[in-house]
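Next come the chains, spelled out residue by residue.
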Amino acid sequence: MSIILNKRGQLKIQQMSFMLVAVAILLGIVFLIYAGMQMTGIRQNFEDTERKTVIGLVSKIASSPELNFEEKPNAVDADKLMVLKNERDYENFWGSPSIKIKGIVVEKIYPSSDVECSESNYPDCGLIKIFTRNPPTQIGNYIALCRKESSEFGSYDKCELAFLTIEYRRLELE
Amino acid sequence: MRNKGQEEIMGFVLIVAIILIIGVVFLGISLRKGPVEQPLSMEIDSFLSSINYYTTDCEISGRYLSVESLVTKCYEQKSCLDGRTTCEVLAETLEKLVESAYFVAEGGVNQYYKLEVYYNKENPVQIIEEISDFSELDGVCKGIKIYNEKLLNTLDGDKLFMKFEVCKRKSNSDDDVN
């Protein structure tokens, strides 16, 4: 009689352990799904923050006296850009505590042109690359690309629509 | 004996059901998001500033006008030196600028755009016809709607505004809405 009861007890313990394992697996799956969702959210937030920082940096560059056109916000002087092409001292000049700017690319949007600017073809070109040879990245912001032009009535400001992108390196925070 | 077995099965089902209910409630709470308050877009703000500096081919008094000056002249119903009306040149220029930057195409990033130049914010009066492309819009904006507006000038008590709105398709990296 006691052997039968013992066996039944063992069976009960087995049943119980199976159920506990099943419940643990179920909870584990739920936790994994939740953790995955949270991780995706954290990654998206990180990318979002970095993107906003970079876009803020673009505005900061456009407003810096080294590039700004006649103190107009969001307007970049194309002549200054052309001069900077050969000024290696300005490499690593712009950035923030977490981001170092490696290169600047300004691409004319309207009127558009794929021709890279050099001393020989400027201003009849549409792509100004500073400290980089790479094509423009996706992260950037719209600017007005301005220069002085002359007409029969004297000089005037000629501004066109352009997109300023930056090539950057993320710095490890100390 | 059979009753006991049934009781155990019921107990198991009950536990699983309770865990599932807790899980669903928890997921529901974590997935629920409040109404999305659309912040003013930094990208559109820069775009509006940039296009307002754009130098047009409309010449008045020996100088080429910027888009911003053209808006003022259009409000005053002036004409360019070559006889075209400033409103005509403004509409044409803005259309080209917007089309170049926010091209709408099938499967492209932009689902629609809409640009308005108006005065009187409470009861807007458009000084040129709205510039828009809704060709790829099937219903409402399913992506991210970004917009901003810019006060250009105040004339005779009327405030001139330019407002631009874009619907961008959602992609993995496109949380740059501001």
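Keep in mind that this is a model prediction, so the values were computed, not measured.

**Details of the overall build of chain A**
Tallying secondary structure elements over chain A gives 2 helices and 5 strands in all. Each helix and strand of chain A, placed in order from N terminus to C terminus, yields the pattern α-β-α-β-β-β-β. Against the 2.2 N^0.38 benchmark of 16 Å for 174 residues, chain A shows a C-alpha radius of gyration of 30 Å, more extended than a compact globule. In terms of overall dimensions, chain A has a C-alpha envelope of 120 × 35 × 25 Å along the principal axes. In chain A, which comprises 174 residues, the proportion classed as buried is 37%. Taking the intrachain contacts of chain A between residues at least 6 apart in sequence as the baseline, contacts between residues at least 24 apart amount to 65%.

**Section: the interface of chain A and chain B**
The partner chain B presents 32 residues to the 35 residues of chain A that form the contact. Taking both partners together, chain A and chain B bury about 3,100 Å²; carbon and sulfur atoms supply 67% of that area. For the chain A face of the interface with chain B, the top three residues by lost area are Tyr110, Tyr142 and Leu161 of chain A, together amounting to 20%. For the interface between chain A and chain B, the tally reads 0 salt bridges. For the interface between chain A and chain B, the tally reads 9 residue pairs in polar contact (both at pLDDT 80 or more). Put simply, the parts of the chain that give the side of chain A that touches chain B at least two residues each are helix H1 (2-63), strand E2 (99-110), strand E4 (140-151) and strand E5 (154-170) of chain A. Looking at the side of chain A that touches chain B, the element that brings in the most residues is H1 of chain A, giving 17 residues. In terms of residue class, the side of chain A that touches chain B is made up of 20 nonpolar, 5 polar and 10 charged.

**Some points on unusual backbone geometry**
With an omega of -5°, the peptide bond between Tyr110 of chain A and Pro111 of chain A qualifies as cis. Mapping Pro111 of chain A onto the fold places it in the loop between E2 and strand E3 (127-130). Cis geometry marks the peptide bond from Tyr122 of chain A to Pro123 of chain A; its omega dihedral reads 5°. Within the element layout of this structure, Pro123 of chain A appears in the loop between E2 and E3. You will see that Asn74 of chain A, though not glycine, has its phi angle at about 70°, which is positive. Under the relative-accessibility criterion, Asn74 of chain A is labelled buried at 9%. One non-glycine residue, Asn120 of chain B, lies in positive phi territory at about 65°. Relative to the elements of secondary structure, Asn120 of chain B occurs in the loop between strand E3 (110-119) and strand E4 (125-126).

**Description of the confidence of the model for chain B**
Residues and elements named next belong to chain B. Here chain B shows a mean pLDDT of 85. Residues at 70 or above account for 87%. Note on residues 173-178: pLDDT is under 50 here. Beyond four places in sequence and across chains, it has 18 contacts. In the model output, the complex is listed with pTM 0.78 alongside ipTM 0.77.

**Considering the state of the cysteines**
Residue and element names in this part refer to chain B. For the structure on display, the rule yields 5 disulfides over all chains. The disulfide partner of Cys74 is Cys87, and the gap between their sulfur atoms is 2.0 Å. As the torsion about the S-S bond is roughly 105°, the Cys74-Cys87 disulfide counts as right-handed. Within this pair, whereas Cys74 is found in helix H3 (residues 67-75), its partner Cys87 is found in helix H4 (residues 86-101), the two being separated by 13 residues in sequence. The exposure class of Cys87 is partly exposed, given its relative accessible area of 21%. With a sulfur-sulfur separation of 2.1 Å, Cys141 is cross-linked through a disulfide to Cys167. Across the S-S bond linking Cys141 and Cys167, the dihedral sits near 85°, which makes this disulfide right-handed. A residue pair is termed long-range when its members are at least 10 positions apart, and Cys141 in the loop between strand E5 (131-133) and strand E6 (144-155) and Cys167 in strand E7 (residues 158-168) qualify at 26 residues. Cysteines bonded in chain B are numbered consecutively along the chain; their disulfide partners then correspond to 1-3, 2-4, 5-6.

The rules behind each value
- Numbering of residues starts from 1 in each chain and follows the order in which that chain's sequence is written.
- Following the order in which they are written, the chains are lettered starting with A and the ligands numbered starting with 1.
- Given that the model is predicted, a residue must reach a pLDDT of at least 70 before its local features are reported, and side-chain atom pairs must reach 80 or more before they are shown or counted; all residues, however, enter totals for whole chains, interfaces and linings.
- Water and hydrogen atoms play no part in the side-chain values, which are based on all heavy atoms of the structure.
- Working definition: helices are DSSP H or I runs of at least four residues, strands are E runs of at least two. Numbering for both runs from the N terminus.
- As a reference, a globule follows 2.2 Å times the number of residues to the power 0.38, and the radius of gyration itself is taken over C-alpha atoms.
- Each residue is placed in one exposure class: buried if its accessible area under a 1.4 Å probe, protein chains only, is under 20% of its type's maximum, exposed if it is over 50%, and partly exposed if it falls in between.
- By definition in these notes, contact holds between two residues if any of their heavy atoms fall within 4.5 Å.
- Once two parts are put together, the accessible area they lose, assessed with a 1.4 Å probe and summed over both, is termed the buried area.
- The rule for a salt bridge is simple: a side-chain nitrogen of Lys or Arg has to be within 4 Å of a carboxyl oxygen of Asp or Glu.
- The term polar contact refers here to a pair of N or O atoms within 3.5 Å; inside protein, the definition further demands a hydrogen-donor-capable atom paired with an acceptor-capable atom, and it admits residues adjacent in sequence only when both atoms are side-chain atoms.
- All residues other than Ala, Val, Leu, Ile, Met, Phe, Trp, Tyr, Cys, Pro, Asp, Glu, Lys and Arg, Gly among them, are scored as polar; the first ten of these are nonpolar and the last four charged.
- Every residue gets a pLDDT, meaning the predictor's confidence in that residue, from 0 to 100.
- Cysteine sulfur atoms are paired as a disulfide whenever they fall within 2.5 Å.

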